[in-house]
Amino acid sequence: MGEAENIMREEEIEKIRGVVRDCVSKHLYSSAIFFADKVAALTNDPADIYMQAQALFLGRHYRRAFHLLNASKIVLRDLRFRYLAAKCLEELKEWDQCLLMLGDAKVDEDGTVYDAKDGNVIHFDKDGEDREINISSAICFLRGKAYGALQNRSQARQWYKAAIKADPLCYEALECLVESHMLTSEEEANLLSALQFSPEDGWLSTFYSCLIKKYDKESTVEAKFKKLENETSGSVSGSSMISTLANNTDLLACKAEYYHQCCEYQKCFELTSALLEKDPFHPKCTLVHLVAAMELCNSTELYLMACNLVKDHPSKALSWFAVGCYYYCIKKYAEARRYFSKATNIDGSFSPAWIGFGNSFAAQEEGDQAMSAYRTAARLFPGCHLPTLYIGMEYMRTHSYKLADQFFMQAKAICPSDPLVYNELGVVAYHMKEYGKAVRWFEKTLAHIPSELTESWEPTVVNLAHAYRKLRKDREAISYYERALTLSTKSLSTYSGLAYTYHLQGNFSAAISYYHKALWLKPDDQFCTEMLNLALVDDCQNGVDSKVEL
């Protein structure tokens, strides 16, 4: 009879456990806590205590859950207990206690974890089911998050690297590294090559290569996107998986980000608009959409996006960044600065807000404040070249060309294929009267532009023509001036430069024609007015000399 009662009791307990699991799946956390408490009291089994702590955690009773776990005698021997206790401390923002709960361990710059006591390397083996995230990887990630909250970004970077090296399925670790610009493009590529993917995760390796910085040539990047789709279609027999990955919002958001990087703003904007119709709250797509709209000066779209984001997500940095973008677009820089600052106060690791904050000062030529914001961004985001590039621009604006050149070279080391970096190096060389060097930098700029030249690159072509003119290579200069006119017919610099080059060649009629075109764009331009008068005198003198000779 006693055995039968025990069997009935076990069946009853198992039934209550099932009720707890069912309540959790239906998000009825108070019910789950109630029944889990009864099971733990009846059995005093560690697994049931853990289930009770999970129910408390999901019900946001973090202090109760931590007290329950901490009172357990196996909290320091069972990684599951320790990790859940640390998660409770994370939610309570007690970061130092969180690190103490996770235990002592050291990590090097490569993400290799060592035992704090004996210094031996800790090897993480896959545990549990094949598709289960390694608990040790999750612990490394939580350590990184804690160090990030304590403003120790160096340690945070190392622990994030350790997390994804422990288990490549820990996507959050890679996301933190990439979104916070903690690594340069070279470091990201090295980390990706060090990851050990299982044979069936080949698609994931390709997907990660699309997530990291895309500074390769256009053909290489496009091949990655196509390879991902082809590899997926080749490895999966069902058509549903093919269509899912082909229209995956994360992958398409990466494509949109690449289009923005290539200065194809209209193409980027169209893609993000289509994506936001499918997934209106995709954070990465929303960010790319905002910056593309700002580049296109689409203030109406920025206003609508800002209103919707502030209404739906008032506590997120992205929402107030959108408001700042709108005010920046309509040239109300003081208001833009206020909202960019608010975004950085909400999330200090949100790099676009820091860049916007600095740009709002630079737009009003407040150099000291702009430099301060850019330096903060360069310190917080060592893998992002834009703060360093903008510091160089500020130095160039104040005619400190040698300092500007140093910062542009630093930006080039971080991002070796951004055409804008080479353009700025060319401008500095031109101002320093190193015209041969300027020509080389401008030609590299054009070589690194991945797609066909658009109007946005017209100044670079004109700068190259100016540099050739300074070297007295008039034929090359005229060729690039004419190429610039195919991109834009409203540039005073192009017409005046072309006229002056023809003037130097002695082709006075062509020079007069282009001086007139330049003055049509700006009738009060002093240089063109004076040079037109000289060209007319020279042309008349040339005509008189020809008659005498005849």
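All of these numbers come straight from a predicted model, not from anything done at the bench.

Thresholds applied
- Residues numbered from 1 in each chain as written.
- Predicted model: local features only at pLDDT ≥ 70, side-chain atom pairs only at ≥ 80, totals over all residues.
- Heavy atoms only, no water.
- Axes fitted to C-alpha atoms, helices over the stretch in contact; angles between N-to-C directions.
- Helix = DSSP H or I, 4+ residues; strand = E, 2+ residues; numbered from the N terminus.
- Parallel < 35°, antiparallel > 145°, perpendicular 65-115°, else oblique.
- Left-handed = near helix turned anticlockwise from the far one by under 90°.
- Contact = heavy atoms within 4.5 Å.
- pLDDT = per-residue confidence, 0-100.
- Core = buried A, V, L, I, M, F, W, Y, C linked by side-chain atoms within 4.5 Å.
- Buried < 20%, exposed > 50% of the residue type's maximum accessible area, 1.4 Å probe, protein only.
- UniProt positions renumbered as here; feature names shortened; annotations may be inferred.
- Patch = residues over 30% accessible without salt bridge, like charges linked within 9 Å, V, L, I, M, F, W, Y side chains within 5 Å.
- Areas by Shrake-Rupley, 256 points an atom, 1.4 Å probe, with all protein chains shown as cover.
- Salt bridge = Lys/Arg side-chain N within 4 Å of Asp/Glu carboxyl O.
- Lys, Arg positive; Asp, Glu negative; His and termini not counted.
- Charge placed at Lys NZ, Arg CZ, Asp CG, Glu CD.
- Expected span 1.5 Å × (residues − 1).

### A few points about the packing of helix H15 (residues 265-278) against helix H16 (residues 283-295)
So, step 1. The geometry of H15 relative to H16 is characterised by a closest axis approach of 9 Å and an angle of 140° between their N-to-C directions. As the angle between them shows, H15 and H16 are arranged oblique. Taken as a pair, H15 and H16 cross one another with a handedness that is left-handed. Where H15 approaches H16, its residues Tyr 265, Cys 268, Phe 269, Thr 272, Ser 273, Leu 275 and Leu 276 are matched on the opposing element by Cys 285, Thr 286, Val 288, His 289, Ala 292, Ala 293 and Glu 295.

### Description of the confidence of the model for the protein
So, step 1. Mean pLDDT over the protein stands at 85; residues scoring 70 or higher make up 88%.
So, step 2. Here helix H13 (residues 239-246) is the element of the protein with the lowest mean pLDDT, 49, and helix H18 (residues 317-329) is the one with the highest, 95.
So, step 3. In the model, residues 233-243 has pLDDT below 50 throughout and makes four contacts with residues more than four positions away in sequence or in other chains.
So, step 4. The low-confidence segment residues 544-550 (pLDDT under 50) makes zero contacts with residues lying over four places distant or belonging to another chain.

### Side note on the nonpolar core
Grouped burial of nonpolar side chains is what soluble globular proteins tend to show.
So, step 1. Membership of the largest hydrophobic core comes to 131 residues, with the highest contact counts inside it found for Tyr 208, Leu 290, Phe 321 and Tyr 515.
So, step 2. Considering every element that reaches this core, the biggest residue donor is H18, with nine residues.
So, step 3. Excluding anything up to four places from it in sequence, Tyr 208 contacts Ile 164, Pro 168, Leu 169, Cys 170, Tyr 171, Leu 174, Leu 192, Leu 195 and Phe 197.
So, step 4. Core analysis: the second largest hydrophobic core is formed by 36 residues, Ala 55, Tyr 62, Leu 84 and Ala 85 among them.

### Re the packing of helix H24 (residues 419-431) against helix H26 (residues 458-470)
So, step 1. Where H24 contacts H26, the two axes come as close as 11 Å, and the packing angle between them is 30°. Between H24 and H26, the angle is such that the two are roughly parallel. Crossing of H24 over H26 shows left-handed handedness. Where H24 approaches H26, its residues Asn 423, Val 427 and Tyr 430 are matched on the opposing element by Thr 460, Asn 463, His 466, Ala 467, Arg 469 and Lys 470.

### Observations concerning the side chain of Gln 52
So, step 1. Tracing the backbone shows Gln 52 in helix H3 (residues 46-58).
So, step 2. Ignoring anything within four residues of it in the chain, the contact list for Gln 52 reads Ala 36, Asp 37, Ala 40 and Leu 68.

### Some thoughts on the UniProt feature "repeat: TPR" (unreviewed entry) in the protein
So, step 1. On the UniProt side, "repeat: TPR" (unreviewed entry) is annotated at positions that read residues 317-350, 419-452, 458-491 and 492-525 here.
So, step 2. Secondary structure across residues 492-525 comprises 82% helix and 0% strand; the distance between its end C-alpha atoms is 9 Å.

### A short note on unusual backbone geometry
So, step 1. Positive phi outside glycine occurs at Arg 60, with the angle close to 65°.
So, step 2. Counting through the fold element by element, Arg 60 comes out in the loop between H3 and helix H4 (62-71).
So, step 3. Positive phi is not limited to glycine here, since Cys 297 has a value of about 55°.
So, step 4. Examined against the element boundaries, Cys 297 turns out to sit in the loop between H16 and helix H17 (299-312).

### Some points on a negative patch on the surface
So, step 1. Where like charges cluster on the molecular surface, the negative patch consists of Glu 172, Glu 175, Glu 179 and Asp 250.
So, step 2. The element that contributes the greatest number of residues to the negative patch is helix H9 (residues 171-179), accounting for three residues.
So, step 3. Residue placement: Glu 179 occurs in helix H9.

### Describing the environment of Leu 192
So, step 1. Mapped onto the secondary structure, Leu 192 falls in helix H10 (residues 185-194).
So, step 2. Note: C-alpha distance between Leu 192 and Tyr 208 (16 residues apart in sequence) is 7.6 Å.
So, step 3. If we ignore the near neighbours within four places in the chain, the residues touching Leu 192 are Phe 197, Ser 205, Tyr 208, Ser 209 and Ile 212.

### Quick look at the pattern of salt bridges
So, step 1. Inspection of every chain in the model, using the stated rule, returns 14 salt bridges.
So, step 2. One salt bridge in this structure joins Glu 14 and Arg 21, with 3.2 Å as the shortest N-O distance.
So, step 3. For Glu 14, a relative accessible area of 38% translates into the label partly exposed.
So, step 4. Of the charged contacts, one joins Asp 48 and Arg 17 as a salt bridge, the two residues approaching to 2.8 Å between their closest N and O atoms. Here Asp 48, found in helix H3, pairs with Arg 17, found in helix H1 (residues 2-25); they are 31 residues apart in sequence, far enough to count as distant. Across this residue pair, the class does not change: Asp 48 and Arg 17 are buried.
So, step 5. Through salt bridges with shared partners, one network takes in Glu 14, Arg 17, Arg 21 and Asp 48.

### What about helix H22 (residues 386-397)?
So, step 1. Taking 1.5 Å per residue as the helical rise, H22 with its 12 residues ought to reach 16 Å, and the 16 Å between its terminal C-alpha atoms agrees with that figure.
So, step 2. Among all positions in H22, only Pro 387, Thr 388, Leu 389, Tyr 390, Ile 391, Gly 392, Glu 394, Tyr 395 and Met 396 are buried.
So, step 3. Those residues of H22 that are buried are in contact with helix H20 (351-362), helix H21 (367-380), helix H23 (401-414) and H24.

### Section: H21
So, step 1. Here H21 spans 20 Å end to end across 14 residues, near enough to the 20 Å set by a 1.5 Å rise per residue.
So, step 2. Where H21 is concerned, the buried positions are Gly 367, Ala 370, Met 371, Ala 373, Tyr 374, Thr 376, Ala 377 and Leu 380.
So, step 3. At its buried positions, H21 is contacted by helix H8 (153-166), H20 and H22.

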